[in-house]
2 protein chains.
Amino acid sequence: MKTNQVIGASARRVDGQAKVTGAAQFSDDIRFERMVYGKLLHSPYAHAKIQSISIEKALAVPGVLTVILADDLYENKDIGEAGSWLLAKDEVCYIGDRIALVVAEDEDAAEEGMRAIEVEYEVLPAALELEAAAQPQSPPSHTSRKTNVAKVLDFLRGDVDGLFAQADVVVQDHFVFPTLHQSHLEPNSAVATYVDGELTVYCASQVWFRLRHDLARLTGMPESRVLVKPQHIGGAFGARNEQATPVLAAIMAIKTGRPAKLTNTREEEFYNAHPSVEFQIDMSIAADKEGNLLAKRCHYYTDFGAYDVAGESVTWVACTRADALYRFQATHTIGEGIYTNRAPTAAYRGYGNPQAHFAMESLVDMVAQRLHMSPVEIRRKNFTGPNMTASNGYRISSNGLQECLDKAVELSGWAEKYNNLPPGKGIGMAALIHASGSRAGEKEFSGGSAIVKAELSGRITVFVGESEIGQGCKTVMAQIAAQELGLQPQDIAVVMGDTDQCPFSTGTHGSKLTTVLGNAVLFAAQNLRAQIMEAIQGVYGTGAVYLEGGFVKHQNGQVLDTLEQALYRCCVARSGQPFIGQGTFAPEADLMDDNGYGSVAANYPFGVQVVELTVAPSGKVIIDRVTSVHDLGKAINPQMAMGQIYGGVTQAYGFTVMEQNGLNEQGLLTGGTLLEYKLPTMLDVPEITGAFVETNDPYGPYGAKALGEPPIIGVAAAAANAYFAATGQRLTQIPFTPQRVLKARRDLEFAQKNPKPRKE
Amino acid sequence: MKTNQVIGASARRVDGQAKVTGAAQFSDDIRFERMVYGKLLHSPYAHAKIQSISIEKALAVPGVLTVILADDLYENKDIGEAGSWLLAKDEVCYIGDRIALVVAEDEDAAEEGMRAIEVEYEVLPAALELEAAAQPQSPPSHTSRKTNVAKVLDFLRGDVDGLFAQADVVVQDHFVFPTLHQSHLEPNSAVATYVDGELTVYCASQVWFRLRHDLARLTGMPESRVLVKPQHIGGAFGARNEQATPVLAAIMAIKTGRPAKLTNTREEEFYNAHPSVEFQIDMSIAADKEGNLLAKRCHYYTDFGAYDVAGESVTWVACTRADALYRFQATHTIGEGIYTNRAPTAAYRGYGNPQAHFAMESLVDMVAQRLHMSPVEIRRKNFTGPNMTASNGYRISSNGLQECLDKAVELSGWAEKYNNLPPGKGIGMAALIHASGSRAGEKEFSGGSAIVKAELSGRITVFVGESEIGQGCKTVMAQIAAQELGLQPQDIAVVMGDTDQCPFSTGTHGSKLTTVLGNAVLFAAQNLRAQIMEAIQGVYGTGAVYLEGGFVKHQNGQVLDTLEQALYRCCVARSGQPFIGQGTFAPEADLMDDNGYGSVAANYPFGVQVVELTVAPSGKVIIDRVTSVHDLGKAINPQMAMGQIYGGVTQAYGFTVMEQNGLNEQGLLTGGTLLEYKLPTMLDVPEITGAFVETNDPYGPYGAKALGEPPIIGVAAAAANAYFAATGQRLTQIPFTPQRVLKARRDLEFAQKNPKPRKE
């Protein structure tokens, strides 16, 4: 099959123009005639009993149509797991917990109505700190709970105690990885209509079909009469997996019979969306004197917040994934999920894996330091390799860790810089593993489906149920279909997530799209191509043909017709019926067993990241340069793949040195606005050098593996290792703020003045 | 195959609730952020040279963004045939001809800008009257035209002259059937966006894919990047076949890069949309003394208006179709299409056939009168029958004319009333033929395509490229799919006309949907059912199953599962991929040859209509009762079929006695508003008795034939025959207004006082 080579070329983003010109329509841009607007009342207390709710004054506000309370709902069990609700009835469990939804003719009336609701609370003691909440003496986060321990995972593989006992070196430390805001720029917003027995919801989501299911479940509608209509998405990063906003908009539409809109404020995004999971980590690694990593022990406390939305699932990933980076003979991991009186936590790019790597990759450097090995040497010795099964059950096909290490060393100037930088400057590295999608947590299956349609006008459309969340999926899928049909990406339309048009999808997460969905699109396009070529042979009366450069060609290379004209003729010959190619891909992947063992993905991406930094006298940590090298199997679109590196590294840079989502002693966020929650700007971002290692994995389309999450994973650990190189001290809690650096410096001076036996 | 019987049951309209509650979204309801608005400047003269257009003052109006003139267009050749344009450049040819399109930030600014445009005209003589315009001495309707005769059709079959020479009776008269407004309640409106190289147009249309083609042609876009998104449609009746509004909205969006809206006023609908074709008819019929109709001669003058939009196509139908009602041995028909300086004319329900029937069915009664036969007797003797080829080439399968006649006689009380009513009261009848779709005029093909999809949630969706224009097609297609899948109509979603989702369609016209599209949906649903049953057998490991009442059942009748759950399991087993059934139907039909001969449709519906009326002393014609009996093959939804009868009869009632679209001597409409254009209200509508004859045609789904247009066809003729019975006079021009009745009465009195030899 001869084709244009569009795979591996940097096609322009198919949705780029709309975004840069402002033409892209986001959910809040939608206006319907007779539309009603909603406003939520949230709890101002981290933990309280609701003694009474009085809505009379709210209903008296001109323009207010109704106030929806818990008792008005068809079903109140919220999206996610265990015990959460759409609207609180008797008790509120975090600042931001939803209590009432005011529906009004306009936003001002809704707001005024919300302020007129009178709620009497009995304030209760709150469990605000993660490790304290885990203790038996902590106040319960909900009055029905005997303990705040929500879930304990305990995965033991091999003779951990024996290996620790015989080890030459054991290193250990306590690490803190706090909760983060995903900082998607577009607050959640949804518009719903309920017409002729059909509920239609316009919104942003990573999980259109799961949302459809939740909409049906929570409204009592048959799922077959619920439609979700995707709008442009202003960032996701995991924050659009479990969403109350579209469900509440739907309830407003059903209750009023009018189109309804609900849009969060930025403050609501901080308080009432789902930030990432805080981790408190005790980890230790045992090694022999040759530097072989033998075993690892780990105890995570993870903050589920008030309810378990996705905290448990994040904990599973943290408990299992990172182990496949090295040839551990034994591991013991306890993941203890804790309820607190804080916002329920959920997914954030990396999904527990940056947390695990922050601890593990710090400890690996500590082993190297103890053995006077270099960070390069200890990693090279212990990395897993291709075509092997790791200790956690991952069946690793391709594995470019060694090549990534070589390239990272080369590109970062490691050899010249390591141990050679002036005081206050340091260089450090971290390796990483991730998965291309995940069988875990998807009860249905981990596969993907695609439809590629060609019709009479020559229009070729890819229909997939996933989301374009900025990662460039639309463009990648257009490239794949174009490659198979002898076209260019701009010749392909891509419709994503419309539940009436697209095949079912489990969602857009776990870095799965290029690999899993890409295969489905590949197979669908091939299926379509076969149908088209057969029809052409019939209609034109020729022998075998192939598609190239927008033309149909005879086997001898002669042009028979344009593909556009051939499609017209072939579709006319079948009364206008289009050609519909269907393709599915179901990776050979496992649900993890009760011991967290199993190969969850089609294949596994790897990487090595190097951070070079300066610790200023002021205590400010200035990251000078990040080198980020990734085994992504194959770069289908190198420019966009590089964009993933820039974006992931920048986010990781932000939480490594700047971003904080702290709570004060009442449970109020100290940073509930983007002014206080310090995101990096373009002026802050360090120099980033990205590079790829192409291992051409046998299970991905054209050899591709994942790249969506990997660039965020190793940066904090590499920065911690670089900080150690610069200062001789180890920071075990992000962000590395000037306050924390100055305190560490004072602690060191104090320790130097008051020597004690070293603990490590 | 056991199923619920949903065919023949009166399912509730699936789109009814949206319409009666006001929830239905029409094109003008759409709002986009940053939307711009358009306003057209029209010619105030029926014919003039444009000497200059100055837009400076318009551009100076605050909020005006641009003014689009003919020279700014990519392509100016308008929709439809020969010589028309989107925007006039040098010459305007009717009052309402478009000259300039003002684009502004809001509607008021657009309107003010439109009024500020300065145009200098040189007024030219206008050709306003149809027959006068046909004469060589008429001023030309366009300076480039040597004659206003646009087209002459001349169809001769058999020895017409010989049969007329040997006839015992020859009757002839001159008939006038004036132009009408289709009176769709929703003015044309369109919203367009141009984003990321894709043009998307939201509007109402009967021909989504033809519109897509025109949008591409007139904007220079590749057709594959143009999307048309159907909105609810506030009536069509033929008026939404050729539409400038969506094209102009698209041009606004492309020029400004912003969403754009253009909505007609009601006045613009009268002046600038396409009213129906005026006919001036000279017709004669020759018969022998036994009352056998031998031959027919006919000369039509038909008004194309300023350009040929669909006038020629309407003339073709008038020249050919009605002949298949009787066993004529020979016919000679001349159709002379004339350009005038009036609005271009196009389709209106019936499409030339009410005009032809008005003349022919009046003459048939005149033959009967001359031979002292009853209207029943002469028709019964001459009707075509089943399984024959008519003189015009129609291959008639089923033909229920005799049964329709029997039932109409019975239901109307004909036997008691004919010749027995008091003076001033009369009863009359007319028979009719129409076609279920038409091969004529569709260069691609006359067939239809449908996709029926079943997916994991249990949602079953019919995708078709036609329009729901109020006729109930959505409900009929839901019934057909439900019947085949063992469900109820409300279990089926129907998506119509979305060019990105639906298979290509030639459009919604010619009463073709139930028959042609119905078959396509039937075959698609059967194709889907076969796929689902095969998958169920695989997933459940059973033998043969069938679908009934929402369940999957074993051959022995035992319930295996719900269909919804079975779809979930089967779709999960294929990674979420839906089942997609495709079906096409291409009737064995011909393009007419150059002599207007050929069988254009899958099958042919027939009917007999009886009108009973009173002529008041004031001259007012009061239609007391209409009996309308139709051979529709099979009533798939009797209640909605009855609705077609009520609607068609009411429209025909309106133009028979009330509606007028007259021009004054300047070419200005005397009725350019709905206040002056007298539509019947509910208080005017006569008692209507509808009935069906079910002939179970072998070529329609479940035996169905067309019913969309037939009820409008015979009413005017039956009223003319009833008027004759009441008064002894023949009215040959509609509407039968008091003025016309009083004039006829005076003419009669004058003639009785001044007797002359009778002309007839």
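Residues numbered from 1 in each chain as written. Chains lettered and ligands numbered in written order. Predicted model: local features only at pLDDT ≥ 70, side-chain atom pairs only at ≥ 80, totals over all residues. Heavy atoms only, no water.

Asker: What should I look at first to understand the overall build of chain A in this one?
Answerer: Across its full length, chain A holds 20 helices and 28 strands. Against the 2.2 N^0.38 benchmark of 27 Å for 760 residues, chain A shows a C-alpha radius of gyration of 27 Å, consistent with a compact globule. Projected onto its principal axes, the C-alpha positions of chain A cover 90 × 75 × 45 Å. Counting every position in chain A, which comprises 760 residues, the buried fraction comes to 66%. Considering only contacts in chain A between residues 6 or more positions apart, those separated by 24 or more positions represent 80%. Of the accessible surface of chain A, which amounts to about 25,800 Å², a share of 51% is contributed by carbon and sulfur atoms. (Helix = DSSP H or I, 4+ residues; strand = E, 2+ residues; numbered from the N terminus. Rg over C-alpha atoms; globule rule 2.2 N^0.38 Å. Buried < 20%, exposed > 50% of the residue type's maximum accessible area, 1.4 Å probe, protein only. Contact = heavy atoms within 4.5 Å. Areas by Shrake-Rupley, 256 points an atom, 1.4 Å probe, with all protein chains shown as cover.)

Asker: How do you make sense of helix α11 (residues 375-382) of chain A when you look at a structure like this?
Answerer: Within an α-helix, residues lying three or four positions from one another point in the same direction, as the helix has 3.6 residues per turn. Within the span of α11 of chain A, buried status applies to P375, V376, I378, R379 and N382 of chain A. Elements in contact with the buried residues of α11 of chain A: β14 (293-305), α10 (353-370), α12 (401-412), α13 (414-417), β18 (425-433) and α19 (715-727) of chain A.

Asker: Hey, could you run me through the interface of chain A and chain B in this one?
Answerer: Accessible area lost when the parts come together is the quantity often used to give the size of an interface. Taken together, the contact between chain A and chain B spans 63 residues of the former and 63 residues of the latter. In this assembly, chain A packs against chain B so that about 4,700 Å² is buried in total across both faces, 43% of it on carbon and sulfur atoms. A per-residue breakdown of the area chain A buries against chain B is headed by D196, R459 and S575 of chain A, which together make up 14% of the total. Taken together, the links from chain A to chain B amount to 8 salt bridges. D500 of chain B is paired through a salt bridge with R459 of chain A; the nearest N and O atoms lie 2.8 Å apart. Where chain A packs against chain B, one counts 33 residue pairs in polar contact (both at pLDDT 80 or more). Going through the elements one at a time, α1 (16-21), α6 (208-219), β19 (448-454), β20 (460-464), β21 (492-496), α16 (563-572) and β25 (579-585) of chain A are the ones with two or more residues in the side of chain A that touches chain B. Along the lines of polarity and charge, the residues of the side of chain A that touches chain B split into 24 nonpolar, 21 polar and 18 charged. (Buried area = accessible area lost by both parts, 1.4 Å probe. Salt bridge = Lys/Arg side-chain N within 4 Å of Asp/Glu carboxyl O. Polar contact = N/O pair within 3.5 Å; in protein donor to acceptor, adjacent residues only side chain to side chain. Nonpolar A, V, L, I, M, F, W, Y, C, P; charged D, E, K, R; others polar.)

Asker: Can you walk me through a negative patch on the surface in this structure?
Answerer: On the surface, a cluster of negative charge is contributed by D106, E107, D108 and E112 of chain A. You can see D106 of chain A is positioned in the loop between β5 (98-104) and α3 (107-116). (Patch = residues over 30% accessible without salt bridge, like charges linked within 9 Å, V, L, I, M, F, W, Y side chains within 5 Å. Lys, Arg positive; Asp, Glu negative; His and termini not counted. Charge placed at Lys NZ, Arg CZ, Asp CG, Glu CD.)

Asker: Explain the pattern of salt bridges to me, please; I cannot follow it from the model alone.
Answerer: Tallying each qualifying case throughout the model produces 74 salt bridges over all chains. Among the ionic pairs, R240 of chain A bridges to E186 of chain A, the shortest N-O distance being 3.4 Å. Linking R240 of chain A in the loop between β11 (226-230) and α7 (245-256) with E186 of chain A in the loop between β8 (169-177) and β9 (189-195), this pair joins segments that are 54 residues apart in sequence. For K229 of chain B, the salt bridge identified is with D498 of chain B, shortest N-O distance 3.0 Å. With K229 of chain B in strand β11 (residues 226-230) and D498 of chain B in the loop between β21 (492-496) and α15 (513-540), the pair connects residues that are 269 residues apart, well separated along the chain. Accessibility classification places K229 of chain B together with D498 of chain B in one group, the buried group. The network of salt bridges with shared partners includes R13, D15, K19 and E468 of chain A.

Asker: Is there a simple way to think about the relation of the copies chain A and chain B in this case?
Answerer: Least-squares fitting of chain A to chain B yields an RMSD of 0.0 Å, with the superposition described by an axial translation of 0.0 Å and a rotation of 180°. Accordingly, the operation relating the two chain copies is best matched by a two-fold axis. Distance from the rotation axis, computed per C-alpha, reaches its smallest value in chain A at R31 of chain A: 2.8 Å. Taken as a fraction of all interface residues of chain A, those also at the interface in chain B reach 100%, which identifies the copy contact as same-surface. (Least-squares fit on C-alpha atoms with pLDDT ≥ 70 in both.)

Asker: Explain the sheet that holds β14 of chain A here, please?
Answerer: Across a sheet, paired strands are connected by hydrogen bonds in the backbone, their directions being either parallel or antiparallel. Residue and element names in this part refer to chain A. The mixed open sheet is built from 5 strands, whose spatial order is β7-β15-β14-β13-β8. Strand pairing shows two members of the sheet lacking a second neighbour, β7 (149-157) and β8, which therefore form its edges. For this sheet the average axis-to-axis angle between neighbouring strands, irrespective of direction, equals 10°. Alignment of β8 against strand β13 (residues 279-287), held across 9 bridges, turns out to be antiparallel. Note on β13: the bridge partner recorded for D173 is M283. (Pairing = 2+ DSSP bridges. Axes fitted to C-alpha atoms, helices over the stretch in contact; angles between N-to-C directions.)

Asker: Quick question: what am I supposed to make of the domain arrangement of chain A here?
Answerer: For chain A, the assigned domains are domain 1 (16-23 + 447-585), domain 2 (31-124 + 188-263) and domain 3 (349-434 + 602-750). Summarising the inter-unit geometry, the C-alpha centres of domain 2 of chain A and domain 3 of chain A are found 39 Å apart. (Domains from an automatic or database assignment.)

Asker: What am I meant to see in the pairing of strand β5 (residues 98-104) of chain B here?
Answerer: All names here are of chain B. Burial runs high along β5: 7 of the 7 residues are buried. In this structure, strand β3 (residues 64-68) lies alongside β5, joined through 4 bridges in antiparallel fashion. The residue bridging V64 from the neighbouring strand is A104, located in β5.

Asker: Got a minute to help me understand α10 of chain A in this structure?
Answerer: All names here are of chain A. An ideal rise of 1.5 Å per residue puts 26 Å on 18 residues; α10 measures up with 25 Å between its terminal C-alpha atoms. Taken across its 18 residues, α10 has 16 buried, putting it largely inside the fold. Positive backbone phi, at 55°, marks H372, one or two positions downstream of α10. (Expected span 1.5 Å × (residues − 1).)

Asker: Is there a simple way to explain the sheet that holds strand β4 (residues 91-92) of chain A in this structure?
Answerer: All names here are of chain A. Strand order across the open sheet formed by 3 strands is β4-β2-β6, with antiparallel pairing between neighbours. Of all strands in the sheet, those bounded by a partner on one side alone are β4 and β6 (118-123). As paired elements, strand β2 (residues 48-54) and β6 share 6 bridges and run antiparallel to each other. Within β6, the residue paired with I53 across the bridge is V119.

Asker: What is the right way to look at the environment of F724 of chain A in this model?
Answerer: Residue and element names in this part refer to chain A. Structurally, the position occupied by F724 is in helix α19. Separated by 298 residues in sequence, F724 and G426 have C-alpha atoms that sit 7.3 Å apart. Among all residues touching F724, those that are not within four sequence positions of it are Q369, Q729 and R730.

Asker: Can you walk me through the packing of aromatic side chains in this structure?
Answerer: Aromatic ring pairs: the centre-centre distance and the angle between the two ring planes describe each pair. All names here are of chain B. Taken as a whole, this structure holds 40 aromatic pairs over all chains when the rule is applied. With 6.3 Å between their ring centres and 70° between their planes, Y348 and F655 make a pair best called edge-to-face. Of this pair, Y348 sits in the loop between β15 (330-339) and α10 (353-371) while F655 sits in helix α17 (residues 638-657); the two residues are 307 residues apart in sequence, bridging distant segments of the chain. On the basis of relative accessible area, F655 is assigned to the buried category, the value being 2%. Where Y394 meets Y604, the ring centres are 4.3 Å apart and the plane angle is 15°; that geometry is what we call stacked. Here Y394 is found in the loop between β16 (388-389) and β17 (395-396), whereas its partner Y604 is found in the loop between β25 (579-585) and β26 (606-615), with 210 residues between them in sequence. (Phe/Tyr/Trp six-rings, centres within 6.5 Å; stacked < 30°, edge-to-face > 60°.)

Asker: How should the packing of helix α14 (residues 473-485) of chain A against helix α15 (residues 513-540) of chain A be read in this particular structure?
Answerer: Helix packing for two helices is described by the angle between their axes and how far apart those axes are. Residue and element names in this part refer to chain A. At a minimum axis separation of 9 Å, α14 and α15 run at an interaxial angle of 35°. The crossing of α14 and α15 is right-handed. Every residue of α15 that contacts α14 at C473, V476, M477, I480, A481, E484 and L485 is listed here: L513, T514, L517, G518, V521, L522, A525, Q526, L528 and R529. Counted by class, the contact of α14 with α15 contains 12 nonpolar, 3 polar and 2 charged residues. (Left-handed = near helix turned anticlockwise from the far one by under 90°.)

Asker: Looking at this structure, I do not really get the side chain of S284 of chain B. What am I missing?
Answerer: One can find S284 of chain B in strand β13 (residues 279-287). Beyond its immediate stretch of four places on either side in the chain, S284 of chain B contacts F164, V170, V171, Q172, A295, K296, R297 and L363 of chain B.

Asker: What is the right way to look at the environment of L513 of chain A in this model?
Answerer: All names here are of chain A. When you line up the elements, L513 lands in helix α15. Considering only alpha carbons, one finds L513 and S467, 46 residues apart in sequence, at a separation of 9.2 Å. Setting aside chain neighbours within four positions, we find L513 in contact with E466, S467, Q471, C473, M477, G507, T508 and G518.

Asker: Quick question: what am I supposed to make of unusual backbone geometry here?
Answerer: Peptide bonds are mostly trans, and most non-glycine residues show a negative phi. Following I734 of chain A, the chain continues into P735 of chain A via a peptide bond in cis, with omega recorded as -5°. In this fold, P735 of chain A is placed in the loop between α19 and α20 (738-753). Look at F237 of chain B: it is not a glycine, yet its phi comes out positive at around 55°. Looking at the secondary structure, you find F237 of chain B in the loop between β11 and α7 (245-256).

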